[in-house]
Amino acid sequence: MTNPDGADVEADDTTRTNACGCGSGIEPDGVGDAGTGRWLDTEEPLEVPLPADLGAPLGRLIGEPPVETIAEWLAAVRRLTDGGGIGIEHLCHADGETPHRGRMDGETYYFQCFYDAVALAALADEPVEVRTESPAGAEIKAHATAEELRVTPDGAVFSFGVERDTAPPDGDPTVADVYDAVCPYVRAFPDRAAYERWAEEVSAATVGLPLAGATDIAAALAE
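What counts, and at which threshold
Residues numbered from 1 in each chain as written. Predicted model: local features only at pLDDT ≥ 70, side-chain atom pairs only at ≥ 80, totals over all residues. Heavy atoms only, no water. Helix = DSSP H or I, 4+ residues; strand = E, 2+ residues; numbered from the N terminus. Buried < 20%, exposed > 50% of the residue type's maximum accessible area, 1.4 Å probe, protein only. Contact = heavy atoms within 4.5 Å. Areas by Shrake-Rupley, 256 points an atom, 1.4 Å probe, with all protein chains shown as cover. Core = buried A, V, L, I, M, F, W, Y, C linked by side-chain atoms within 4.5 Å. pLDDT = per-residue confidence, 0-100. Polar contact = N/O pair within 3.5 Å; in protein donor to acceptor, adjacent residues only side chain to side chain. Phe/Tyr/Trp six-rings, centres within 6.5 Å; stacked < 30°, edge-to-face > 60°. Pairing = 2+ DSSP bridges. Axes fitted to C-alpha atoms, helices over the stretch in contact; angles between N-to-C directions. Patch = residues over 30% accessible without salt bridge, like charges linked within 9 Å, V, L, I, M, F, W, Y side chains within 5 Å. Salt bridge = Lys/Arg side-chain N within 4 Å of Asp/Glu carboxyl O. Lys, Arg positive; Asp, Glu negative; His and termini not counted. Charge placed at Lys NZ, Arg CZ, Asp CG, Glu CD.

**Considerations on the overall build of the protein**
Regarding its fold elements, the protein presents 6 helices and 10 strands. For the protein, the proportion of its 223 residues judged to be buried stands at 48%. Taking the contacts inside the protein whose residues are at least 6 apart along the sequence as the reference set, 62% of them involve residues at least 24 apart. A total accessible area of about 10100 Å² is found for the protein, and carbon and sulfur atoms account for 45% of it.

**Let's talk about the environment of Val186**
Relative to the assigned elements, Val186 resides in the loop between α4 (175–182) and β9 (188–189). With a relative accessible area of 8%, Val186 lands in the buried category. Spatially, the C-alpha atom of Val186 lies 9.9 Å from that of Gln112, the residues being 74 residues apart in sequence. Apart from residues no more than four positions distant in its own chain, Val186 is found in contact with Cys113, Phe114, Tyr115, Ser159 and Phe160.

**Comments concerning the nonpolar core**
Residues Leu58, Trp73, Tyr115, Phe160, Val182 and Leu211 are the most contacted members of the largest nonpolar core, which totals 57 residues. Looking at this core element by element, the count peaks at 7 residues for helix α3 (residues 115–124). Residues within four places of Leu211 in sequence aside, it is in contact with Phe114, Ile140, Leu149, Val151, Ala156, Val157, Phe158 and Ala188. Within the second largest apolar cluster, 10 residues are counted, among which are Trp198, Ala199, Val202 and Ala204.

**Focus on unusual backbone geometry**
Backbone torsion omega between Thr152 and Pro153 reads 5°, so that peptide bond is classified as cis. Not every positive phi belongs to a glycine, and Asp105 is a case in point at roughly 50°.

**Some thoughts on the confidence of the model for the protein**
On average, residues of the protein carry a pLDDT of 82, and 82% of them reach 70 or more. pLDDT under 50 marks residues 1–36. Its contacts with residues more than four places away, or in other chains, come to 86 contacts.

**Quick look at the side chain of Thr206**
Structurally, Thr206 can be placed in strand β10 (residues 204–210). The buried category is assigned to Thr206, whose relative accessible area is 2%. At 2.8 Å, the side chain of Thr206 forms a polar contact with the side chain of Tyr195. Setting aside anything within four residues of it in sequence, one finds Thr206 in contact with Arg38, Leu54, Phe160, Gly161, Tyr185, Tyr195, Trp198 and Ala199.

**Focus on the packing of aromatic side chains**
Here the structure, examined in full by the defined rule, presents 9 aromatic pairs. Judged by centre distance (6.3 Å) and plane angle (40°), the ring pair of Trp39 and Tyr195 falls under tilted. Separated by 156 residues along the polypeptide, Trp39 in strand β2 (residues 39–40) and Tyr195 in helix α5 (residues 192–201) bring together distant segments of the chain. Residue classification places Trp39 among the buried residues on the basis of a relative accessible area of 4%. Consider the rings of Tyr185 and Trp198, whose centres lie 6.3 Å apart with planes at 45°: the pair is tilted.

**Re the sheet that holds strand β7 (residues 149–152)**
What the 5 strands build is an open sheet, ordered β4-β3-β5-β6-β7; its pairing is antiparallel. Edge positions in the sheet fall to β4 (107–111) and β7, since each has one partner strand and no second. Going across the sheet, the axis of each strand differs from the next one's by a mean of 20°, ignoring polarity. Note: strand β3 (residues 100–104) against β4, 5 bridges, orientation antiparallel. Considered in β4, the bridge of Arg101 is made with Tyr110. The sheet strands contacting α3 are β3, β4, β5 (128–133), β6 (139–144) and β7, and the helix crosses β5 at an angle near 165°.

**Quick word on a negative patch on the surface**
A cluster of acidic side chains, namely Asp105, Glu107, Asp125, Glu126 and Glu147, defines a negative patch on the protein surface. Take Asp105: it is sitting in the loop between β3 and β4.

**Comments concerning the environment of Leu120**
Assignment of secondary structure puts Leu120 in helix α3. A C-alpha to C-alpha distance of 8.7 Å links Leu120 and Ala146, two positions 26 residues apart in sequence.

Set out below in structure tokens:
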């Protein structure tokens, strides 16, 4: 799978303020912030209404109507496994080395998507040392358990998204279909500004979230 390219460049002094009516938990940009206006920074990010241009293709990806929240989408993904939750075998394992890896019990697991290393901790109920890179090559590390995620650097964030023009599945959707579409847009960044710059360059609809403590998605997948 080819990850989309992006560039973490130095921010200039330009400031932008975008209005956002996507939902009370999606924070509009403030003065001094780079700009997409798609920032989920609440205590319950899985329940925040998603922008329409993200909810619609997420629904199409699994052959369903537009989804309102990440929680609703995760519930639909779990139904692809007969409601039994995602298992370690469903993770997007890589055949060779990748920048996205998790180390558990002395063994290193390589993934197509960095968040799978976080999910590994929840699925195995064991601590995992996570190492990944931003699209521009910045290193992000984390210590993941089923309950928490401690990250370096402290301000690291991650993205969640999918191509805006995602087509409905040809037949019954599979977990592999979901990973192929979403993995390229689940990326880690050293800070919010790096995410915002990347989000403006890619052809996908995305939202950004703080990475520290972000085990919600992994826990929901493992339910």
